[in-house]
Amino acid sequence: MNQRLKTLQRIGLVTVAIGAVIVLSCQTQGGGPPGAQDVASEVYVPPGSYDDFYAFMSGGFSGQVTVHGLPSGRLLKIIPVFSQFPENGWGYSEETLPMFMTSYGFVPWDDSHHPELSQTGGAHDGRWLFINANNTPRVARVFFKDTATTEILEIPNSAGNHASPFITENSEYVVASTRFSVPIPQRDMPISEYRGNFQGTISFIRADQPGEMDVAFQVLVPGYDYDLSNAGRGPSHGWAFLTSYNSEEAHSLLEVTASQNDKDFIAAVNWQRAEGCVAEGAGEEMPTEYYHNFRGEDRIARSEVRNRVRVLRAEDCDGLVYFLPTPKSPHGVDVDPSGEFIAAGGKLATVIPVHSFSRMLEAIENEDYETVIDGIPVLRYEAVLAGEVMEPGLGPLHTEFDGNGFAYTSMFISSEIVKWELGTWQVVDRIPAYYSTGHLMIPGGDTGQPWGRYVIALNKITKDRYLPTGPELAHAAQLIDISGDKMRLLLDFPTMGEPHYAQAIPADLVRDGQVQFFSLEENTNPAATKTEAEARVVRQGRQVRVYMTTIRTHFTPDNIEGIQLGDTVYFHVTNLEQDWDVPHGFAVIGAHNAELLIMPGETRTLKWVPTKVGVFPFYCTDFCSALHQEMQGYVRVSPRGSNVPLSWGTGQ
Amino acid sequence: MNKRNRTVIAVAAIALTLLYFLPLWSIRLEAPQYPEGLGMRIWVNTITGVGPNDLQNINGLNHYIGMKTIEPESIPELAIMPWALGFLMILGLATAMAGRRWMLYGWLGLLIAAAIVGLADFYLWEYDYGHNLDPTAAIKIPGMAYQPPLVGSKMLLNFKATSLPALGGWIALAAGAVIAGVAFLELRASRRNVGRDAGAVLREASGGDPT
């Protein structure tokens, strides 16, 4: 018996040894990056420990923002912004419906591209995050107290809000520009008459007062496509820079027709000058319609319609806009931390041109113009150029800075990140990206104070990076160490939607302001039910309002009778919990909208229109406690005109 | 009694006023889901949570095992204790002023009695909360009681309950110890009956120079 055991043990050991050899050789054959074992510890955040950075990634076509931790890449949260989110009732609950109102009506989705953190003195301050809606032009503000969207402003006279929202040094404005030029004001006209009739707008949105976002003024510009933007800082504070393409003013087959000119433009807008002109009454008050949606202290969204916007033309305000010629349909425009250099990513160019802000001022001073378009002086290319990065790679798009004199540019076509030196314009390092990087992001790399350490490649093509999941794949992001002379790939992780751009901030700047739950005492929702004794059901004609509470582990009331077919039922559910991480859910059979997730201390309202006679269950959808499965109730729906009296209760 | 001992007695009596402002006892609860912990503080006149909602949350959790709700208003001792404490303090001050040894011994005796009665009462409340459970409770474990320890730690299902004196409790203990020390010195001095002061006795006891 003993002998047999030993033999078995030996066989076992040998098997394990062979297995280990196979596993090890497979790993080598698998082609992991050399030194993968060494870098693993650099992105490993041990269980129970926190990441160093919050990263906020745009959800692209998902319309949302995702929160990841860096360096682990772990997904921490999806912040619903521009798209309805049935998971928690965002855009379905009565309290959040107005957030989606626009002059086009209720728009329940969008395409969000550029998250932008608030700044003070050119550095991230951890107050708010802004993000654009590309499709139906809007800008949203996210508060970090509860990491939720609190404000959405529609932008009038805009189409394709792509160059948006780029923030000024002290969060005075977020700058938002049209990608698509359109007739302004909108009117019925032939598309073929685009040239000279379609126009773009550059909007300056007052951003530093929560709840009071508004379009301070718009600058009307020629009918090009305005692509990306970055605000000046330090010496260039007071200016905003925007790329444009399609200076050909084409309206069809743009891939060819808009790629003809050797140079398009970077628009330099002196917004401090614009403020002066507006103060003197320049420009016109244009009638229009746009929505401002805001959730105040009571956490209930309200919409207001605004009907006028101040519009400035170049000829209304001397020195307002200049064009800097820039090669081949420039995409990104990025101002270095010092505020002096303005790098452009001419997506079809063979060089990275870098303009000099001080040379630009000189050229303006000397009136060193090539020409003037619609009252906008076009400065001479050679007069504003600081230098060109030669042979950087193919398809330069975006540049971020590490604060140590180096710039990093994403190369879409050659699928790499290229590191180059400011001043010498020499390429010093390059690293492949998998595949086709769009934006790249260094924490604080677009501000006056980069936090550095990493660059993230936000890629457009995924292909074989992860286990396949059918034709539709998550987009890939790669975390690259930039602390040394050579860039080193640390981590490859999938992301939600299409992360166009991202921002990252040291964790403590955001973490310290977080709340764990809402104070029930301070809940000012008029439909709040603050004790179980106040729970009730009220009929108002064909509307029935259920004032309901939740606490581990029951609803009050949990038996409701007297509802009739044809009634519209509003469940006003208040979560009485006052503890960390005890949301309750509310779901009722046949609901055409969504479920609710109600945070502790909060009230949320779900509209329910019963379609059948019967007795229907409702239940808690968020596993709240050991008796979560018992957290359920019934609502009885009787035929129209039934004499079943309205009654309700729990535990009776 | 000499002036120094009377001063010490007066200071100890006055120190007891701190008990109106500091918690006497604390019960801390930790569980896997509560890494940050929940806590309860017992004051001379009330019971509060350590966090603003801790008491509510402890009561919320206790309802699963059928424990009665902890409501400070329903515990009559919390209404009596401030008066009892005031009485003991005044007695202490009177002792210091009068300087009579028999008053000191009597006061010490009362303090010890109050401490014993207080702890016994606390134990009985704990026993009552831990044993007299709602028979319709969701969680019923045969033979299981949920009485927290008087002093020390104990596992109660997923919670580790730790019961310890809080700052006020430690001050009361320290005051009691000081008073007991003075009483001891007075007792020795009275036996020797040589009129030496307590300081001299101390120095002698610690091997220092006798004066």
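What counts, and where the lines are drawn
- Residues numbered from 1 in each chain as written.
- Chains lettered and ligands numbered in written order.
- Predicted model: local features only at pLDDT ≥ 70, side-chain atom pairs only at ≥ 80, totals over all residues.
- Helix = DSSP H or I, 4+ residues; strand = E, 2+ residues; numbered from the N terminus.
- Rg over C-alpha atoms; globule rule 2.2 N^0.38 Å.
- Buried ≥ 20, exposed ≤ 12 C-beta atoms within 10 Å, placed from the backbone.
- Contact = placed C-beta atoms within 7 Å.
- Pairing = 2+ DSSP bridges.
- Axes fitted to C-alpha atoms, helices over the stretch in contact; angles between N-to-C directions.
- Nonpolar A, V, L, I, M, F, W, Y, C, P; charged D, E, K, R; others polar.
- Arc of directions from axis to C-beta.
- pLDDT = per-residue confidence, 0-100.
- Expected span 1.5 Å × (residues − 1).
- Left-handed = near helix turned anticlockwise from the far one by under 90°.

A. Representation of the overall build of chain B. Each helix and strand counted, chain B has six helices and five strands in total. Along chain B, helices and strands appear, N-terminal first, in the series α-β-β-β-α-α-α-β-β-α-α. In terms of C-alpha radius of gyration, chain B reaches 22 Å, well past the compact-globule figure of 17 Å for 211 residues. With the C-alpha coordinates of chain B rotated into their principal frame, the extents come out at 70 × 35 × 30 Å. For chain B, the residues scored as buried account for 23% of the 211 residues in total. Of the contacts made within chain B by residues no fewer than 6 positions apart, 59% connect residues no fewer than 24 positions apart.

B. Spotlight on the overall build of chain A. A count of helices and strands for chain A gives seven helices and 46 strands. If you line up chain A on its principal axes, its C-alpha atoms span 90 × 85 × 45 Å. For chain A, the proportion of its 652 residues judged to be buried stands at 51%. Sequence separation of at least 24 residues holds for 62% of the intrachain contacts in chain A that already meet a minimum separation of 6.

C. Focus on the sheet that holds strand β45 (residues 632–638) of chain A. Residues and elements named next belong to chain A. Overall, mixed pairing links the six strands, which are arranged β42-β41-β44-β45-β39-β46 in an open sheet. Edge strands, defined here as strands with exactly one partner in the open sheet, are β42 (596–598) and β46 (647–649). Sheet twist, expressed as the mean angle between neighbouring strand axes with direction ignored, is 25°. Two elements, strand β41 (residues 584–588) and β42, share three bridges in a ladder whose sense is antiparallel. Note that in β42 the partner of histidine 584 across the bridge is isoleucine 598.

D. Inspection of the environment of threonine 7 of chain B at higher detail. All names here are of chain B. Its location among the elements puts threonine 7 in helix α1 (residues 3–15). We classify threonine 7 as exposed; it has 12 C-beta atoms within 10 Å. Remark: the alpha-carbon pair of threonine 7 and glycine 181, spanning 174 residues in sequence, is separated by 14 Å.

E. Region of the structure containing the interface of chain B and chain A. On the side of chain A, six residues touch chain B, which itself brings six residues to the contact. For the side of chain B that touches chain A, a count of residues per class yields two nonpolar, four polar and no charged.

F. Focus on the environment of arginine 141 of chain A. Mapped onto the elements of the fold, arginine 141 of chain A is located in strand β8 (residues 138–143). Residues in contact with arginine 141 of chain A, not counting those within four places in the same chain, are Trp128, Phe130, Thr150, Glu151, Pro210 and Met213 of chain A.

G. Fine view of the sheet that holds strand β1 (residues 53–58) of chain A. All names here are of chain A. Spatially, β3-β2-β1-β35 is the arrangement adopted by the four strands of the open sheet, whose pairing is antiparallel. Each edge of the open sheet is held by one strand with a lone partner, namely β3 (75–79) and β35 (502–506). Neighbour-to-neighbour, the strand axes of this sheet turn through a mean angle of 20°, independent of strand direction. Pairing of β1 with strand β2 (residues 65–70) involves six bridges; the strand directions are antiparallel. Along β2, the bridge assignment pairs tyrosine 54 with glycine 69.

H. Main features of helix α5 (residues 357–365) of chain A. Residues and elements named next belong to chain A. Buried within α5 we find Phe357, Met360 and Ala363. Buried residues of α5 fall within an arc of 115° about the axis and therefore sit on the same side. Turning to α5, the residues buried within the fold contact β17 (263–270), β20 (321–327), β22 (341–346), β23 (351–356), β25 (376–379) and α6 (381–384). In the stretch just after α5, glutamate 367 is the one whose phi turns positive, near 50°.

I. Representation of the confidence of the model for chain A in the model. Taken over all residues, the pLDDT of chain A has a mean of 94, while the share at 70 or more is 94%. Under a pLDDT of 50 for its full length, residues 13–31 of chain A has, in the predicted model, one contact with residues more than four places off or in other chains.

J. Focus on helix α5 (residues 167–192) of chain B. The end-to-end C-alpha separation of α5 of chain B is 37 Å, in line with the 38 Å expected for 26 residues at 1.5 Å each. All of the buried residues in α5 of chain B are Gly168, Gly169, Ala172, Ala175, Ile179, Val182, Leu185, Glu186 and Ala189 of chain B.

K. Looking closely at the packing of helix α4 (residues 101–131) of chain B against α5 of chain B. Residue and element names in this part refer to chain B. The geometry of α4 relative to α5 is characterised by a closest axis approach of 10 Å and an angle of 145° between their N-to-C directions. Of the two elements, α4 crosses α5, and the hand of that crossing is left-handed. Of the residues in α5, those touching α4 at Arg101, Leu104, Tyr105, Leu108, Leu111 and Ala115 are Gly176, Ile179, Ala180, Val182, Ala183, Glu186 and Ser190. When the residues that make up the contact of α4 with α5 are grouped by side-chain class, the tally is nine nonpolar, two polar and two charged.

L. Inspection of the pairing of strand β30 (residues 427–432) of chain A at higher detail. All names here are of chain A. Taken together, the five bridges between strand β29 (residues 416–421) and β30 define a ladder with antiparallel strand orientation. Its bridge partner lying in β30, tryptophan 420 is registered against valine 427. The hairpin turn running from β29 into β30, its antiparallel successor, is five residues long, and glycine 423 in that turn takes a positive phi close to 100°.

M. Molecular detail of the environment of proline 499 of chain A. Residues and elements named next belong to chain A. Relative to the helices and strands, proline 499 is located in the loop between β34 (488–495) and β35. For the pair proline 499 and serine 62, spaced 437 residues apart in sequence, the C-alpha separation works out to 9.2 Å. With sequence-adjacent residues up to four places away left out, proline 499 is seen in contact with Met57, Ser58, Gly60, Leu458, His475 and Ala477.

N. Local environment of the pairing of β22 of chain A. Residue and element names in this part refer to chain A. In terms of burial, β22 is a largely internal element, six of the six residues being buried. In this sheet, β22 lies alongside strand β21 (residues 330–335) in antiparallel orientation, the contact comprising four bridges. The partner of aspartate 334 across the bridge, within β22, is alanine 343. Sheet analysis places β22 next to β23, joined by three bridges and oriented antiparallel. What sits directly across from alanine 343, in β23, is valine 354. Between β22 and β23, which pair antiparallel in sequence order, lie four residues.

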